[in-house]
Amino acid sequence: MIGKITNYYSGGNTAKGFFSLFDSALKGLDRLYILKGGPGTGKSFLMKAIAKEMVNRGYDIQLIHCASDNQSIDGVIINSLKFGIVDGTAPHVLEPNLPGIVEEYVNLGVAWDSAKLIERKKEIKELNEEVSRAFQKAYASFAEALKIHDEWERIYIQNMDFVAANNTTEDMIQTIFQDQKLNKSPDVRHRFLGAATPEGPKDFINNLTEDISKRYFIKGRPGSGKSTMLKKIASKAEKLGFDVEIYHCGFDPNSLDMVIVRELSVAIFDSTAPHEYDPVRETDEIIDMYEKAIKPGTDEKYANELKEISSRYRKNMNAGTGYLAEAKSLHDQLESYYKSAMDFSKVDQIRNEILTEIDRVAQFTAAE
């Protein structure tokens, strides 16, 4: 039996800079391996190999994807074993709470030839600086886009029926929970369902909701109350004792894009660009906040202004994506220097040592 893979992001290239939710993803693990080493030292390859092995053994896993490289992962969690492996290098530097007991550092630098790297010291230093500058330009572009998005939102906020918006949210809360309550402390997880990447915006909505019976697609415009609704639903789920997955916006981490309550098999998500989806199942349902809470004719009344705002917003978002692509290209050059200095047989040995530890944990877990 093949295990199930759940995909999401724990770090994002956002309008607030790099934003980390790793602490939430790694919460509750009994064993965590933190990988250290430069670019191209095999961290993602090692984690992918272990993930594939464990899935083939029938274990359900979580893959934490890298927002800055569409082909890389930042971590893997083996759910039932409470075991994780994560890339602990910048920008998602992790500090252990119980080193040697829960967390274990793994230095892949033992596999490189320092002499070969020293020969490339000047190029490596310059590339690191260029990568950093490209990321800063990306974040500046996204920050400017967020300011423009605020202008966009104001138009709809000024034309919103807040009573109708609140009533719609209360109706949703009643429909979802129906006076149900669980007598336990909820497990609340914060994640990103998508991210701004070098290839543009990406998301994992279909993967994250594939086992969900009831999906609500929230439609609307910027500022029409979608994130506020999600925040209220998440808060209610937590108060009622339900485990809740809270998915932040990969552009503005202060906003929410989705809430999942798996104990009720319910997902509610913002189904507007760049993660716009339409119902494909009989049980899927649209909640249109523009129709329910925005003054009729708003789109038409402000058509010219909205068109101009949208154009400026797209320009800055596209620029940000371009800078992320530039950073990725420069990072690839960095990786090539490190790869040429690596003895990957030593990385394979480290991978096998981690698999041996996983086997030990699995035997101990089975014996409990």
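Since the model is a prediction, treat every value here as computed from it, not as a measurement.

Caption draft 1: Inspection of the overall build of the protein at higher detail. Along its length, the protein carries eleven helices and 16 strands. Since a compact globule built from 368 residues should have a radius of gyration of about 21 Å, the 22 Å found for the protein is in line with a globular shape. Expressed as a percentage of the 368 residues in the protein, the buried residues total 52%. Within the protein, counting contacts between residues at least 6 apart in sequence, those at least 24 apart form 79% of the total. About 17,900 Å² of surface is accessible on the protein, with carbon and sulfur atoms providing 50% of the total. Of the side-chain charges in the protein, 47 are positive and 56 negative, and the distance between the mean point of each set is 2 Å.

Caption draft 2: Fine view of the state of the cysteines. The tally for this structure, following the rule as stated, stands at zero disulfides. Not part of a disulfide, Cys66 finds its nearest cysteine sulfur in Cys249, a span of 18 Å. For Cys249, a relative accessible area of 12% corresponds to the buried category.

Caption draft 3: Highlighting the layout of surface pockets. Estimates place the volume of the second largest pocket at around 940 Å³. Lining the second largest pocket are 41 residues, and of these Pro39, Cys66, Asp87, His331 and Glu335 sit closest to its centre. Mapped onto the lining of the second largest pocket, the elements with two or more residues apiece are β2 (11-14), α2 (43-56), β6 (73-78), α4 (121-157) and α10 (303-340). The dominant element in the lining of the second largest pocket, judged by the number of residues it contributes, is α10, at eight residues. Residues that form the lining of the second largest pocket fall into these classes: 16 nonpolar, 17 polar and eight charged.

Conventions used here
Per chain, the residues get numbers from 1 upward, laid out in the order the sequence is written. Where totals are concerned, whole chains, interfaces and linings use all residues; where local detail is concerned, this predicted model gives features only for residues with pLDDT of at least 70, and gives and counts side-chain atom pairs only at 80 or more. Each side-chain value is derived from all of the structure's non-hydrogen atoms; neither hydrogens nor water enter the calculation. Put simply, DSSP marks the helices as runs of H or I at least four residues long and the strands as runs of E at least two long, and each gets a number from the N terminus on. Radius of gyration here is computed from C-alpha atoms only, and the compact-globule reference equals 2.2 Å multiplied by the residue count raised to the power 0.38. Any residue under 20% of the maximum accessible area for its type is buried, any over 50% is exposed, and the rest in between are partly exposed; the area is computed with a 1.4 Å probe on protein chains only. In this description, contact between two residues means that some pair of their heavy atoms is separated by no more than 4.5 Å. To be clear on the numbers: accessible area is Shrake-Rupley with a 1.4 Å probe, and residue cover counts the displayed protein chains and nothing else. Here the positive residues are Lys and Arg and the negative ones are Asp and Glu; neither His nor the chain ends is included. To locate a charge, take NZ of a lysine, CZ of an arginine, CG of an aspartate or CD of a glutamate. When two cysteine sulfur atoms are found within 2.5 Å, that pair is recorded as a disulfide. Lining residues are those with an atom within 4 Å of a point, where the points come from a 1 Å grid over the protein atoms alone and group into cavities, where a 1.4 Å probe fits but cannot get out, or pockets, open sets with protein on both sides within 12 Å along at least five of seven lines. Grid points are joined across faces, edges and corners, and a volume is the space filled by probe spheres set on the points. Note on residue categories: nonpolar means Ala, Val, Leu, Ile, Met, Phe, Trp, Tyr, Cys or Pro, charged means Asp, Glu, Lys or Arg, and polar means any other residue, Gly included.

Read these as geometric descriptors, not functional statements.
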